[in-house]
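Structural features, examined
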Amino acid sequence: MVLRIIDGDTLEVRGDGRILPKDAVARVRLLEIDTPERGACFADDATARTTTLLPPGSRIRAERDVELTDRYDRYLLYVWNEQGTFVNESLVRSGHAEAVLYPPNDKYWTKISDAEDAAQQAGAGLWTACPEQPETPIAPPGSPDPPAPDTPTHPDLPDGPPAGVPDVDCSDLSGPVWVGPDDPHRLDRDGDGIGCDAN
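Because the structure is predicted, anything quoted here is derived from the model rather than measured.

**Observations regarding the environment of Arg 61**
Looking at the secondary structure, you find Arg 61 in strand β5 (residues 61-63). Every residue in contact with Arg 61, bar those within four places of it in the chain, is listed here: Tyr 78, Val 79 and Trp 80.

**Describing the nonpolar core**
With 28 residues, the main nonpolar core has Leu 11, Val 28 and Leu 54 as its most contacted residues. At the level of elements, β1 (2-7), β2 (10-14), β3 (25-30), β6 (75-80), α2 (87-93) and α3 (109-122) are the ones that each hand at least two residues to this core. Among the elements that make up this core, the one with the highest residue count is β6 (6 residues). Contact partners of Leu 54, with chain neighbours within four places excluded, come to Val 2, Ile 5, Leu 11, Ile 60, Val 79, Asn 81 and Val 87. By size, the runner-up hydrophobic cluster in this structure holds 7 residues, among which are Cys 170, Leu 173, Val 177 and Cys 196.

**Things to note about the pairing of β2**
Within β2, 4 of the 5 residues are buried, leaving the element largely enclosed by the surrounding structure. Sheet analysis places β1 next to β2, joined by 4 bridges and oriented antiparallel. Residue pairing for β2: Asp 7 is matched across the bridge by Thr 10. Hairpin connection between β1 and β2: a loop of 2 residues separates the two successive antiparallel strands. Across 5 bridges, β2 lies against β3 in antiparallel orientation. The partner of Glu 12 across the bridge, within β3, is Arg 27.

**So, the state of the cysteines**
Counted according to the given criterion, the structure contains 2 disulfides. Across the disulfide from Cys 170 sits Cys 196; the S-S distance is 2.2 Å. Between Cys 170 and Cys 196, the S-S torsion sits near -90°, and that sign places the bridge as left-handed. Taken as a pair, Cys 170 in the loop between α4 (126-129) and β8 (177-178) and Cys 196 in the segment after β9 (194-195) lie far apart in primary sequence, 26 residues in all. Each member of the pair Cys 170 and Cys 196 is classed as buried. For the protein, the bonded cysteines connect in the pattern 1-2, 3-4 when numbered consecutively along the sequence.

The rules we used
- Residues numbered from 1 in each chain as written.
- Predicted model: local features only at pLDDT ≥ 70, side-chain atom pairs only at ≥ 80, totals over all residues.
- Heavy atoms only, no water.
- Helix = DSSP H or I, 4+ residues; strand = E, 2+ residues; numbered from the N terminus.
- Contact = heavy atoms within 4.5 Å.
- Core = buried A, V, L, I, M, F, W, Y, C linked by side-chain atoms within 4.5 Å.
- Buried < 20%, exposed > 50% of the residue type's maximum accessible area, 1.4 Å probe, protein only.
- Pairing = 2+ DSSP bridges.
- Disulfide = S-S within 2.5 Å.

Rendered as structure tokens:
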């Protein structure tokens with residue numbers, strides 16, 4: 001049973017003893033998708049859409065893949081709502097989430113990545129609502145190196161999660177973290193090298 005929606009791709013549920021321990025409250029991260037972080041473009045829309053698909057008090061059908069949990073003790077699941085809608089795929093198809101593969105969990109990758117192709121072609125949701133991040137221009141060969149931008153010094157904060165682990169949201173972290181100029185999980189909204197400042 002759904003207890004609450006944390007953000008577009010994370011929810012809290014009560015287990016029934018099949019995949020999740022009976023009556024245990026568990027945090028579930030939807031597999032093969034990523035929704036915008038809180039405060040980012042389209043984040044509120046993604047959370048609202050997930051709430052519509054999985055209203056608190058409703059029952060879900062869940063399916064696991066190879067890895068059941070991540071390093072944050074979240075259960076990694078595919079979820080269907082009471083109407084039989086495959087929620088992971090639906091969020092991508094409507095443009096409320098991007099398709100993101102974290103091997104070895106890849107059971108529905110073809111279906112979910114096809115949904116992303118359809119959403120991009122249709123300009124659905126975040127594909128037209130959010131401006132693209134400008135790419136850093138590449139200097140032509142033989143030109144002098146540009147001056148290094150002012151990078152913030154590493155404050156006395158723990159390092160943020162590395163790239164390649166299942167996607168992490170600020171709700172998974174207990175406080176601000178140092179992400180530096182690389183921010184693989186898009187935790188740094190203001191570009192100062194510190195992620196999850198609001199935590």
